[in-house]
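A closer look at the structure
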Amino acid sequence: MAIDTGAPSGSVLDGARGFLGEVIELRRELHLHPELGTDLPRTQAAVLAALDGLGLEITTGTALTSVVADLRGGAGDGPTILLRGDMDALPMPEDTGLPFASTVDNTMHACGHDAHTAMLVGAARMLSEQRDSLAGRVRFMFQPGEEGDGGAVDMIDEGVLDGVDAAFALHVAPNMFSDFVVHRAGAAMASADELEIVVTGRGGHASTPHWATDPIPVACEIVGALQSMVTRTVNVFDPAVLTIAKVQAGTTTNVIPESATIAGTLRAVSESTRHAVWGRIRQVVDGIAAAHGCSATVQIDEGYPVTVNHPGFTAWATDAVEDVVGADRVVEMPSPIMGAEDFSYVLQKVPGAMFFLGVCPPEHPNPFEAPACHSNRMVLNEEAMATGIAVHVGVATAYLAAGGRID
Ligand code: NI
């Protein structure tokens, strides 16, 4: 089924549709055989096979099964733009009932990275055909280990950003209308840190708490106080979300345990709020524990930083994308998404942006009712991948045509 995007005929989008069949085929192949983390040999082999014969300069990773493919334009020197697609799946069961559902136990492409990889291959194929008119270089970054392993950091260490002037990525979104492209300058996604707090008192008999130091009410007080701390000290226009998602203490009804553990996640959309909250968590925990004669430890495991889209690049790329898919299909996201992304590390080094591609399947007229990314029932409208290919191609060709000038 073709989607009428309202874009001009003879457009980049029409060209992208010509690659849709093979891109869907690759996406389904990846979906059938998902792999986890930074070691994705089968996925890497599929990407290398799909890029074979395109005349790209290809290097593979050492610390991880990445693929970096450079397309050198035939129209002379120019800037380098990087396009990124992540390749890893999630450790979870799949319950979509799709004919090409995962054949690997407890492993599913539930974040659409199969589509990201396939769309980027499609873009590489399409741009290769236009090589003679390109001045500069397009670098395709096929990245393992996005789901928690920070594969982007390994690839940066191995030189993926060397000589790169700008970077662009697309993430599919089943909860956005299909074929719409969504952008946001500044913070687009949150930082994500994990915290674990252990409150230690003195164990004893539950009938004589005065002969013990009970850590449980202290831990409960900390849970409440952390919420007060966030609402009373964090600017609502530069927010943080702190959720205690795990509380663990005790073994039975008549024993006061020695310790209580609480754990959760902290999200923020600016590094300043993120760091300020780290300090306040420690202040609240230490103060409350001390008030009750307990001791406490706070461990904060730093996750991905805030994904910040470069404002100038975002404005420029929005125009470029509008030229490709039509202005009526390009919308601004009113607020950041509180999930996190390791493309954030790339955007800390070079100007660029991550945009979102609506892929809500047609059976859900209301995208908010469609299973989201990371759902065991997440499905996407594969036809929208033509828009994704076109967006990658449109951004890359416009960037090289502009000689890298984005203002
Ligand atoms: Ni993802």
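1. What to know about the overall build of the chain
Counting its secondary structure elements, the chain contains 10 helices and 16 strands. Taking 2.2 N^0.38 as the reference for a compact globule, 407 residues should give roughly 22 Å; the C-alpha atoms of the chain span a radius of gyration of 24 Å, in line with that estimate. Across its three principal directions, the C-alpha atoms of the chain cover 80 × 45 × 45 Å. Within the chain, the proportion of its 407 residues that are buried is 54%.

2. Digging into unusual backbone geometry
Most peptide bonds take the trans configuration, and most residues that are not glycine carry a negative phi. Its identity is not glycine, yet Asp 179 carries a phi of approximately 75°, on the positive side. Relative to the elements of secondary structure, Asp 179 occurs in the loop between strand S5 (166–173) and strand S6 (181–183).

3. Quick word on the layout of surface pockets
Estimates place the volume of the largest pocket at around 890 Å³. Lining the largest pocket are 37 residues; nearest its centre among them are Met 189, Ile 337, Gly 339, Ala 340 and His 374. Mapped onto the lining of the largest pocket, the elements with two or more residues apiece are S5, strand S8 (191–200) and strand S12 (259–268). A per-class count over the lining of the largest pocket returns 21 nonpolar, eight polar and eight charged.

4. Here we look at the coordination of the nickel ion
Every protein donor of the nickel ion is listed here as Cys 111 (SG), His 113 (NE2) and His 171 (NE2), and their distances to the metal cover 2.1 to 2.4 Å. If you list the donors of the nickel ion from N- to C-terminus, the spacing comes out as C-x1-H-x57-H. Here Cys 111 is found in the loop between strand S3 (80–86) and helix H4 (113–129), whereas its partner His 171 is found in strand S5, with 60 residues between them in sequence. Here His 171 falls in the buried class, since its relative accessible area comes to 6%.

5. Here's the deal with the packing of aromatic side chains
In this structure the tally under the stated criterion is six aromatic pairs. Ring geometry for Tyr 304 against Tyr 345: centres 5.8 Å apart, planes inclined by 85°, an arrangement best described as edge-to-face. A residue pair is termed long-range when its members are at least 10 positions apart, and Tyr 304 in the loop between strand S13 (295–301) and strand S14 (307–309) and Tyr 345 in helix H9 (residues 343–349) qualify at 41 residues. For the pair Phe 313 and Trp 316, a centre-to-centre distance of 5.6 Å together with 50° between the ring planes defines the contact as tilted. Pair noted here: Phe 313 and Trp 316 are both in helix H8 (residues 311–325), with a separation of three residues, about one helical turn. With respect to burial, Phe 313 and Trp 316 carry one shared label: buried. Connected via pairs of aromatic rings, a cluster forms that spans Phe 313, Trp 316 and Tyr 399.

6. Remarks on the domain arrangement of the chain
Split into domains, the chain comes out as domain 1 (11–189 + 306–401) and domain 2 (191–301). Taking only C-alpha atoms, the centre of domain 1 and the centre of domain 2 are 38 Å apart. Counting from both sides, the interface comprises seven residues of domain 1 and, opposite them, eight residues of domain 2. For the pairing of domain 1 and domain 2, the buried interface totals around 610 Å² over both sides, and the portion due to carbon and sulfur atoms is 67%. Broken down residue by residue, the surface that domain 1 buries against domain 2 is led by Val 306, Met 338 and Ala 340, which jointly contribute 77%.

7. Section: the side chain of Gln 143
By the element assignment, Gln 143 lies in strand S4 (residues 137–143). Engagement of the side chain of Gln 143 in a polar contact is seen with the side chain of Arg 84, the distance being 3.4 Å. Separated by 2.9 Å, the side chains of Gln 143 and Asp 342 make a polar contact. For Gln 143, the residues in contact, after removing those within four places along its chain, are Arg 84, Gly 85, Asp 86, Met 87, Asp 88, Gly 151, Ala 152, Met 155 and Asp 342.

8. Considerations on the packing of helix H2 (residues 20–32) against helix H3 (residues 41–51)
Where H2 contacts H3, the axes come no closer than 10 Å and their chain directions differ by 165°. Taken together, H2 and H3 sit at an angle that is classed as roughly antiparallel. Both H2 and H3 take part in a crossing whose hand is right-handed. Packed against H2, whose contacting residues are Leu 26, Glu 29 and Leu 30, the element H3 presents Arg 42, Thr 43, Ala 46 and Ala 50 at the interface. Partitioning the contact of H2 with H3 into residue classes produces four nonpolar, one polar and two charged.

9. Section: the pattern of salt bridges
For the structure on display, the rule yields 14 salt bridges. For the salt bridge of Glu 22 with Arg 125, the shortest nitrogen-to-oxygen distance reads 2.5 Å. A residue pair is termed long-range when its members are at least 10 positions apart, and Glu 22 in helix H2 and Arg 125 in helix H4 qualify at 103 residues. Notably, a salt bridge pairs Arg 84 with Asp 342, separated by 3.1 Å at the nearest N-O pair.

10. Remarks on the nonpolar core
Grouped together as the largest cluster of nonpolar side chains are 69 residues, with contacts concentrated most on Leu 51, Phe 140 and Phe 313. In terms of residue count, the dominant contributor to this core is helix H10 (residues 385–401) (10 residues). Setting aside anything within four residues of it in sequence, one finds Phe 140 in contact with Val 67, Val 68, Ala 69, Leu 71, Leu 83, Leu 120, Ala 123, Ala 124 and Leu 127. Core analysis: the next-biggest nonpolar cluster, separate from the first, contains 26 residues, Ile 197, Ala 219, Trp 278 and Cys 294 among them.

11. Remarks on the sheet that holds strand S15 (residues 330–332)
Read across the open sheet, the eight strands follow the order S1-S2-S4-S3-S5-S16-S6-S15; overall the sheet is mixed. Unpaired on one side and paired on the other, strand S1 (57–60) and S15 mark the two borders of the sheet. Neighbour-to-neighbour, the strand axes of this sheet turn through a mean angle of 25°, independent of strand direction. By the bridge criterion, seven bridges tie S3 to S4 in an arrangement that is parallel. What sits directly across from Asp 86, in S4, is Gln 143. The strands that H4 touches are strand S2 (67–72), S3, S4, S5 and strand S16 (352–358); relative to S4, the one it contacts most, it runs at about 160°. Those strands touched by H10 are S3, S4, S5, S6 and S16, and its axis lies near 160° from that of S3.

Thresholds, definitions, all that
- Within each chain, residues carry numbers counting from 1 in the order of the written sequence.
- pLDDT decides what is reported in this predicted model: residues at 70 or higher carry local features, side-chain atom pairs at 80 or more are listed and counted, and totals for whole chains, interfaces and linings draw on all residues regardless.
- To obtain the side-chain values, all non-hydrogen atoms of the structure were included, while hydrogens and water were left out.
- Helix and strand assignments come from DSSP, with helices taken as H or I runs of at least 4 residues and strands as E runs of at least 2, each series counted from the N terminus.
- For this measure, only C-alpha atoms enter the radius of gyration; the expected value for a globule follows 2.2 Å times N^0.38, where N is the number of residues.
- For every residue, the accessible area (1.4 Å probe, protein chains only) is compared with the maximum for its type, and the residue is labelled buried under 20%, exposed over 50%, or partly exposed between those bounds.
- Residues are said to line a cavity or pocket when one of their atoms sits within 4 Å of a point; the points come from a 1 Å grid over protein atoms alone, cavities being sets where a 1.4 Å probe fits but cannot get out and pockets being open sets with protein on both sides within 12 Å along at least five of seven lines.
- Grid points are joined across faces, edges and corners, and a volume is the space filled by probe spheres set on the points.
- Classification used: nonpolar for Ala, Val, Leu, Ile, Met, Phe, Trp, Tyr, Cys and Pro, charged for Asp, Glu, Lys and Arg, polar for all others including Gly.
- Only nitrogen, oxygen and sulfur atoms count as donors, using a 2.8 Å cut-off from the metal that widens to 3.2 Å for Na, K and Ca. Water is left out, so coordination shells may look unfilled.
- Note on ring pairs: Phe, Tyr and Trp rings are taken, using the six-membered ring of Trp, and paired if centres are within 6.5 Å. Classes follow the plane angle, with under 30 degrees stacked, over 60 edge-to-face and the rest tilted.
- In this document the domain limits rely on a domain assignment from an automatic tool or a database.
- The contact rule is simple, with two residues in contact once any of their heavy atoms fall within 4.5 Å.
- Throughout, the accessible surface (probe 1.4 Å) given up by two parts as they are put together, summed over both, is called the buried area.
- Two N or O atoms count as a polar contact when they lie within 3.5 Å, although within protein this holds only if one can serve as hydrogen donor and the other as acceptor, and sequence-adjacent residues are included solely when both atoms are side-chain atoms.
- Where helices are involved, their axes are fitted lines through C-alpha atoms of the stretch in contact, as for all axes, and angles between N-to-C directions lie from 0 to 180°.
- These descriptions rest on fixed angle ranges, namely under 35 degrees for roughly parallel, over 145 for roughly antiparallel, 65 to 115 for roughly perpendicular, and the rest for oblique.
- Crossing handedness follows the turn of the near helix against the far one: under a right angle anticlockwise gives a left-handed crossing, and clockwise gives a right-handed one.
- The term salt bridge refers to a pairing of a side-chain nitrogen on Lys or Arg with a carboxyl oxygen on Asp or Glu at a separation within 4 Å.
- To qualify as a nonpolar core, a set must consist of buried Ala, Val, Leu, Ile, Met, Phe, Trp, Tyr and Cys residues joined through side-chain atoms within 4.5 Å.
- DSSP calls a pair of strands paired once it identifies at least 2 bridges connecting them.

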